[in-house]
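Commentary on secondary and tertiary structure
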Amino acid sequence: MTGRAWGVLFVLCGAIFLEGIDVAMPNVAMPAIRADLGLSTGTLQWVMSAYVLGYGGFMLLGGRAADLFERRRMFLLWLVVFLLFSGLGGLAAEGWMLILARFVTGVSAAFMTPAGLSIITTGFPEGPQRNKALLVHSGTAAGGFSIGLVVGGLLSAVDWRWVFFAPVILSALILLAALRLVPKSPRPDRTGQGVDLAGAVTVTGGILLLVLGVERVTHASAAWTTGTIGTALLLFLAFALIERRSASPLVRLGLFRNGPLVRANVSGLLFAAGFFGFQFIAVLYLQELRGWSPLRTSLALIVIGLDAVLSPLLTPKLVARFGNARVIFGGLLLASLAYALFLPLTADWAYLAMLPSLVLLGVAFSLAYGPLTITATDGIAEAEQGVAGGLLHTSFQFGAALGLSSVAAVNIAATDGTSAAALLDGYRAALVVPLAAALTATAVGAFGLRRRAGRPNAGPGDPSRAAPESVRQSDLPSGKVPA
């Protein structure tokens, strides 16, 4: 790669690192925020849920906007919005101000992330260069989450407001670098491709209600949850009908004929559900039962961040040798093993007993996350790269919401009392959820191991691969052939 290409990648990695720490840092600052603003448990939960709603709800729209309105412009615009509302969160004097700031920050990340990802997938040629860039990008995202846990603990010990001020400083630096290094791309040809407002409203409303229903499943009545999720499903049905008839659809339904893309999204959703659900229970176990401080807990979990080193150094070599499907399958299998090894936890487990699971989970993340990103965007037409990236990130966000809600529900149902034994029973029961999610993801990933008749299980960029299932001239907007 040229020096300019490395510069662009550096900026985009900075942005995804920013998104990673912004997700992680507030986690360990919640008790301090509650104490300072006087928030109830229900209101405090919305500080985290608002971000997930904004991020997961608007990701598909953000991906389509990147394809239609020039990726660099979308990236820079929403980076500015991210900067402003992160700062507003730090200045919040009331709970509603912080919740609003987190929601808009999540929306800005929903537009910024697929724009940045599509700059990579369209700026680097398909094959080894793009794969390396995507693996470095995904490793940086994971490193941001891991480092954010520790930095959040340090900053909240000083003042929780710095958890929101620190991203302002970092995003300002990234903005200055992006203005200089990220090149302008040709203005997209939008002839015959109007904005699909009906599709955008129905799918965004559906995702918002679905994520909301999942997030609130442990805090609302069964009737409310059923009504919310049922309305979301009706909106998705309306979306599908609209897209079938739209001349310029928000998401071309033909994309879902791409088997690798569908497998990547389903596997990504399940992997995120297990990963975030496991971390949630591990934090409760260490802080509620063991009495560890937020900082000590963060330092204990930082070993998961070794994927930030493995993703750019080891994973590209494995992908080049074995192909994406086998590497993803190996990562999902290791995640299943990591969760299984954590099941027999006791009230006084030594850290060395936890360490194998945490190390395996870090390795699993490095093997699965980057190759899933490659698979979800590989072979997709340039005009649809933003949407493909948005689909994957939507799957990850919804998976995270699903995993958190599921483990919380099981934990609450299985905890009978406040004794150490009762808490431990709840944690053990809840840990079955990440294991089940990882095993299901492994089963889905196994379908990617099947070889096509007469063809080897080729790696990415191999010219011997069959043409991607999603790229059919008749299915593309305006009948255009992808570059």
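In short, a report on the structure.

**Observations concerning the overall build of the protein chain**
Tallying secondary structure elements over the protein chain gives 17 helices and 0 strands in all. Scored against the burial criterion, the 483 residues of the protein chain give a buried share of 56%. Across the protein chain, contacts joining residues at least 24 apart in sequence account for 82% of those joining residues at least 6 apart. Accessible surface for the protein chain amounts to roughly 19,100 Å². Of this, 68% is attributable to carbon and sulfur atoms.

**Considering the packing of helix α9 (residues 259-289) against helix α10 (residues 294-301)**
The contact between α9 and α10 brings their axes to 10 Å, and the two run at 135 degrees. Our classification of the angle between α9 and α10 gives oblique. Crossing geometry of α9 relative to α10 is assigned as right-handed. Two secondary-structure elements touch here, α9 through Ala282, Val283, Leu286 and Gln287 and α10 through Pro294, Thr297, Ala300 and Leu301. By residue class, the composition of the contact of α9 with α10 is 6 nonpolar, 2 polar and no charged.

**Quick look at the pattern of salt bridges**
If you walk through the whole model with that rule in mind, you get 3 salt bridges. With a closest N to O distance of 3.7 Å, Arg161 and Asp36 form a salt bridge. In this pair, Arg161 is assigned in the loop between α5 (128-158) and α6 (162-181) and Asp36 in helix α1 (residues 3-37), connecting sequence segments 125 residues apart. By relative accessible area, Asp36 is classed as partly exposed at 44%. Salt-bridge contacts for Arg252 lead to Glu384; the nearest nitrogen and oxygen are separated by 2.7 Å. Separated by 132 residues along the polypeptide, Arg252 in the loop between α8 (222-245) and α9 and Glu384 in the loop between α14 (351-377) and α15 (385-414) bring together distant segments of the chain. We classify Arg252 as buried; its relative accessible area is 8%.

**Points about α15**
For α15, spanning 30 residues, the distance from its first C-alpha to its last is 43 Å, which sits close to the expected 44 Å at 1.5 Å a residue. The buried fraction of α15 amounts to 22 of the 30 residues, a majority that puts the element mostly inside the structure.

**Focus on the packing of α5 against α10**
α10 packs onto α5 with a crossing angle of 165 degrees between their chain directions and a minimal axis gap of 8 Å. Compared by their axis directions, α5 and α10 come out roughly antiparallel. For α5 against α10, the interelement crossing comes out left-handed. Within the contact between the two elements, α5 uses Leu149, Val150, Gly153 and Leu154 and α10 uses Leu295, Ser298, Leu299 and Leu301. When its residues are assigned to classes, the contact of α5 with α10 shows 6 nonpolar, 2 polar and no charged.

**Topic: the environment of Asp425**
Looking at where Asp425 falls in the secondary structure, it is placed in helix α16 (residues 420-430). You can call Asp425 partly exposed: its relative accessible area is 42%.

**With respect to a nonpolar patch on the surface**
Together, Val158, Trp162, Ile169, Leu173, Leu176 and Leu179 make up an exposed nonpolar region whose accessible area comes to about 650 Å². Mapped onto the elements, Trp162 comes out in helix α6. Trp162 sits in the partly exposed class, given a relative accessible area of 38%.

**Details of α6**
One full turn of an α-helix is made of 3.6 residues, so residues set three or four places apart face in the same direction. Here α6 contains 20 residues, and its C-alpha end-to-end distance of 28 Å stays within 8% of the 28 Å for a straight helix at 1.5 Å per residue. Looking only at α6, the buried set comprises Val163, Phe164, Pro167, Val168, Ser171, Ile174, Leu175 and Ala178. End-on, the buried residues of α6 take up no more than an arc of 140 degrees, which puts them together on one face. More than 90 degrees from the buried face of α6, the exposed residues found are Leu173, Leu176 and Arg180. Along its buried surface, α6 packs onto α1, α3 (71-91), α4 (95-123) and α5.

**Re the packing of aromatic side chains**
Applying the stated criterion to the full structure yields 15 aromatic pairs. On the basis of an interplanar angle of 85 degrees and a centroid distance of 5.7 Å, the ring pair of Tyr51 and Tyr55 is categorised as edge-to-face. Taken together, the residues Tyr51 and Tyr55, both in helix α2 (residues 41-68) and 4 residues apart, mark about one turn of the helix. Classification of Tyr51 as buried rests on a relative accessible area of 3%. The residue whose ring lies beneath Arg296 is Trp292, and the NZ or CZ to ring-centre distance is 4.0 Å.

Calculation notes
Residues numbered from 1 in each chain as written. Predicted model: local features only at pLDDT ≥ 70, side-chain atom pairs only at ≥ 80, totals over all residues. Heavy atoms only, no water. Helix = DSSP H or I, 4+ residues; strand = E, 2+ residues; numbered from the N terminus. Buried < 20%, exposed > 50% of the residue type's maximum accessible area, 1.4 Å probe, protein only. Contact = heavy atoms within 4.5 Å. Areas by Shrake-Rupley, 256 points an atom, 1.4 Å probe, with all protein chains shown as cover. Axes fitted to C-alpha atoms, helices over the stretch in contact; angles between N-to-C directions. Parallel < 35°, antiparallel > 145°, perpendicular 65-115°, else oblique. Left-handed = near helix turned anticlockwise from the far one by under 90°. Nonpolar A, V, L, I, M, F, W, Y, C, P; charged D, E, K, R; others polar. Salt bridge = Lys/Arg side-chain N within 4 Å of Asp/Glu carboxyl O. Expected span 1.5 Å × (residues − 1). Patch = residues over 30% accessible without salt bridge, like charges linked within 9 Å, V, L, I, M, F, W, Y side chains within 5 Å. Arc of directions from axis to C-beta. Phe/Tyr/Trp six-rings, centres within 6.5 Å; stacked < 30°, edge-to-face > 60°. Lys NZ or Arg CZ within 6 Å of the ring centre and 35° of its normal.

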